Amino acid sequence: MLTSITEGILCCLTGKTANVVLPVESSDAGPADGFEFVEVKPGRVLRVRHILPERQATSGSQQEQGVSIHCKRKITVYRNGQLVIENLGDVLHSEILQCQNGDVEQCSTVEVELADYSTAPSSPDPKPAPPLPDSDQQRPAPPPRRRRRKPKRTVLIDSERRITSCKGTHSDVALFFIHGVGGSLDIWGRQLDFFSRLGYEVVAPDLAGHGASTAPQIAAAYTFYALAEDLRAIFKRYARKRNILIGHSYGVSFCTFLAHEYPEQVHKVVMINGGGPTALEPSLCSIFQLPSCILHCLSPCLAWSFLKAGFARQGAKEKQLLKEGNAFNVSPFVLRAMMSGQYWPEGDEVYHAELTVPILLVHGLYDKFVPMEEDQRMAEILLFAFLKVIEEGSHMVMMECPDTVNTLLHEFFLWEPDISASKADQTAMIDATVAPTVATEGTTEETTGTPKANKPLNK
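Here goes a summary of the coordinates provided. Note that the structure is a prediction, hence the values are computed from the model and not measured. (Residues numbered from 1 in each chain as written. Predicted model: local features only at pLDDT ≥ 70, side-chain atom pairs only at ≥ 80, totals over all residues. Heavy atoms only, no water.)

What follows covers the pattern of salt bridges. Summed over all chains, the structure comprises 11 salt bridges. The residue aspartate 206 makes a salt bridge to arginine 47 at a minimum N-O spacing of 2.6 Å. With a gap of 159 residues between them, aspartate 206 in the loop between strand 10 (201-205) and helix 4 (224-238) and arginine 47 in strand 2 (residues 44-51) connect regions that are remote in the sequence. The pair formed by aspartate 206 and arginine 47 is uniform in burial state, with each residue classed as buried. With a shortest N-O distance of 3.5 Å, glutamate 261 and arginine 232 are connected by a salt bridge. Here the residue glutamate 261 occupies a position in helix 5 (residues 251-261), and arginine 232 occupies one in helix 4, the gap between them amounting to 29 residues. Here arginine 232 falls in the buried class, since its relative accessible area comes to 19%. Residues joined in a network through salt bridges with shared partners are Arg47, Asp186 and Asp206. (Salt bridge = Lys/Arg side-chain N within 4 Å of Asp/Glu carboxyl O. Helix = DSSP H or I, 4+ residues; strand = E, 2+ residues; numbered from the N terminus. Buried < 20%, exposed > 50% of the residue type's maximum accessible area, 1.4 Å probe, protein only.)

What follows is the structure, encoded as structure tokens:
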């Protein structure tokens, strides 16, 4: 603690910021260690762990099998702050963990309020309903319905997407792991080892200023768009025909960006504690807006706060995981620039609603950084989304519960919907002359602890 304060005082006197980018110890062992250095721009070098296991190539006919899904949506934004999503094509619902066949709901509508609705003009209040006569059997007046104005924006999605099972033996599949603020590729250690042993090609970069990547001393080098272009270069370098993106926290935004930019190449996406589908905007009233030298003095307190909020437990095991994962070990300048550069106005609800890629949402129940409601909102907006809650985990759930996370991810990679079987079942149920039964909609939610995909938020 005293050392950090002393270094912070020297930082203020000299006007310099400490650079905590770590060297790559394993890079001396040769290319077999899986670490590479990629120059995405002149003088801007990222460390990448790339593992390409030896495997036998499979025939193209085996890799091209899958199910074609009709993705058809009408997304309407009204001036009174309403967002109405009409699903006119196939909507999948499935238990990814058990790898059950997906069933189809031909038409559904999602109606939510935009995140910035508080700043949007509201519709005029409706006229109050006349009072009911005095009676013992009075019924309460129905709530007033919001009057819709003319659409401000309308987006139509009409495309076909083929969803296939992605196995480690398939040579056209690659997994990309993207960490968040203060992390490094080392936080994915258990996942990289697990999936590379299964035969998957895995790619995990260090963001600029993190891990062993270069750390430019310019704040503009850490904006969302600068980092997104870095990851675009990494993706174009290592991408295969079918790619799966796995992001954590801030890294989820980059996965969304790549999935939007390369819809034909991104096959599936995993979002771990990524938050809601809202546009990014840095907070002006944040501790990370303080000068870098002050943040350097407060670094021990920040590290302890991150440990307390990022892990469900704060024991010796969690401290060791934090150390091994090289998490929250960046310079105060990089940390301040990263938090101030989170400006991405395009990444709003409509941007996410346009995605047609199947997405698995993983949420740690004890996460103090991202509330459960944000991931639930994300599940409502996305077309093919499956939310899974890990009760023992927090924000760093992939480090706390690696086996559970690996199982969820692997089942999602192997998942392939069976549309024909579910449609046949629905036809048989319609033709059958039996008395109707009442199904409890919340049964699945109570069993799995997750909401059903595309269930309306506002009833």
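The next thing to look at is the packing of helix 4 against helix 5. Relative orientation of the contacting elements helix 4 and helix 5 amounts to 60°, with a least axis distance of 10 Å. Taken as axis vectors, helix 4 and helix 5 run oblique relative to one another. Crossing handedness for the pair helix 4 and helix 5: right-handed. Side by side, helix 4 and helix 5 meet where Phe224, Leu227, Ala228, Glu229, Leu231, Arg232 and Phe235 of the first sit next to Ser253, Phe254, Phe257, Leu258 and Glu261 of the second. (Axes fitted to C-alpha atoms, helices over the stretch in contact; angles between N-to-C directions. Parallel < 35°, antiparallel > 145°, perpendicular 65-115°, else oblique. Left-handed = near helix turned anticlockwise from the far one by under 90°. Contact = heavy atoms within 4.5 Å.)

Inspection of the secondary structure assignment puts glutamate 400 in helix 12 (residues 397-400). Look past the residues within four positions of glutamate 400 in its chain and what remains in contact with it is Gly310, Phe311, Ala312, Arg313, Gly393, Ser394 and His395.

Now for the packing of helix 3 (residues 189-197) against helix 13 (residues 402-414). At a closest axis distance of 10 Å, the pairing of helix 3 and helix 13 adopts a crossing angle of 45°. It follows from the interaxial angle that helix 3 and helix 13 lie oblique. As helix 3 packs across helix 13, the resulting crossing turns out to be right-handed. Contacts between helix 3 and helix 13 pair Arg190, Gln191, Phe194 and Phe195 from the former with Pro402, Asp403, Val405, Asn406, Leu409, His410 and Phe413 from the latter. A breakdown of the residues in the contact of helix 3 with helix 13 according to their chemical character gives 6 nonpolar, 3 polar and 2 charged. (Nonpolar A, V, L, I, M, F, W, Y, C, P; charged D, E, K, R; others polar.)

Our focus in this paragraph is the packing of aromatic side chains. For the structure shown, the criterion picks out 18 aromatic pairs. Aromatic side chains phenylalanine 224 and tyrosine 225 sit 5.6 Å apart centroid to centroid with 80° between the ring planes, which places their arrangement in the edge-to-face category. Judged by relative accessible area, which is 0%, phenylalanine 224 ranks as buried. Here phenylalanine 224 and tyrosine 250 contribute two aromatic rings whose centre-to-centre distance is 6.4 Å and whose plane-to-plane angle is 50°, an arrangement assigned as tilted. Of this pair, phenylalanine 224 sits in helix 4 while tyrosine 250 sits in the loop between strand 11 (242-248) and helix 5, and the two are 26 residues apart along the sequence. Tyrosine 250 gets classed as buried once you look at its relative accessible area, which sits at 5%. Every member of this aromatic cluster is reached through a ring pair, and the members are Phe224, Tyr225, Tyr250, Phe254, Phe257, Trp344 and Tyr351. The ring of phenylalanine 412 carries lysine 268 above its face, with NZ or CZ at 5.4 Å from the centroid. (Phe/Tyr/Trp six-rings, centres within 6.5 Å; stacked < 30°, edge-to-face > 60°. Lys NZ or Arg CZ within 6 Å of the ring centre and 35° of its normal.)

Below, the discussion takes up the pairing of strand 14 (residues 385-390). In terms of residue burial, strand 14 counts as a mostly covered element, since 6 of its 6 residues are buried. Burial of strand 14 is two-sided: the residues Ala385, Leu387 and Val389 facing one way and the residues Phe386, Lys388 and Ile390 facing the other way are all buried. The handedness of the strand 13 (residues 359-364) to strand 14 crossover, carried by helix 11 (residues 372-381), is right-handed. (Right-handed = clockwise from strand over helix to strand, strands pointing away.)

Another aspect to go through is helix 4. With 15 residues, helix 4 should reach 21 Å at 1.5 Å per residue; the first-to-last C-alpha distance of 21 Å fits that figure. Burial in helix 4 covers these residues: Phe224, Ala226, Leu227, Ala228, Asp230, Leu231, Arg232, Ile234, Phe235 and Tyr238. (Expected span 1.5 Å × (residues − 1).)

Turning to the environment of asparagine 243, a few remarks are in order. Mapped onto the elements, asparagine 243 comes out in strand 11. Its relative accessible area of 0% is what places asparagine 243 among the buried residues. A C-alpha to C-alpha distance of 9.4 Å links asparagine 243 and glutamate 264, two positions 21 residues apart in sequence. Setting aside its immediate chain neighbours within four residues, asparagine 243 contacts Ala174, Phe176, Phe235, Gln265, Val266, His267 and Lys268. Here arginine 240 takes part through its backbone oxygen, which lies 2.7 Å from a polar atom of the side chain of asparagine 243. (Polar contact = N/O pair within 3.5 Å; in protein donor to acceptor, adjacent residues only side chain to side chain.)

What follows is about the sheet that holds strand 11. A sheet is described by the order of its strands in space; here 8 strands give the open sequence 1-2-10-9-11-12-13-14, paired in mixed fashion. Edge positions in the open sheet fall to strand 1 (35-41) and strand 14, since each of these has one partner strand only. On average, each strand axis in the sheet is inclined to that of its neighbour by 20°, with strand direction left out of account. Sheet topology places strand 9 (residues 173-178) next to strand 11; 6 bridges connect them, and they run parallel. Paired with phenylalanine 176 across the two strands is leucine 245, which belongs to strand 11. Its contacts with the sheet put helix 11 on strand 12 (266-272), strand 13 and strand 14, and the angle it makes with strand 13 is roughly 170°. (Pairing = 2+ DSSP bridges.)

Function cannot be inferred from these measures alone, as they are strictly geometric.
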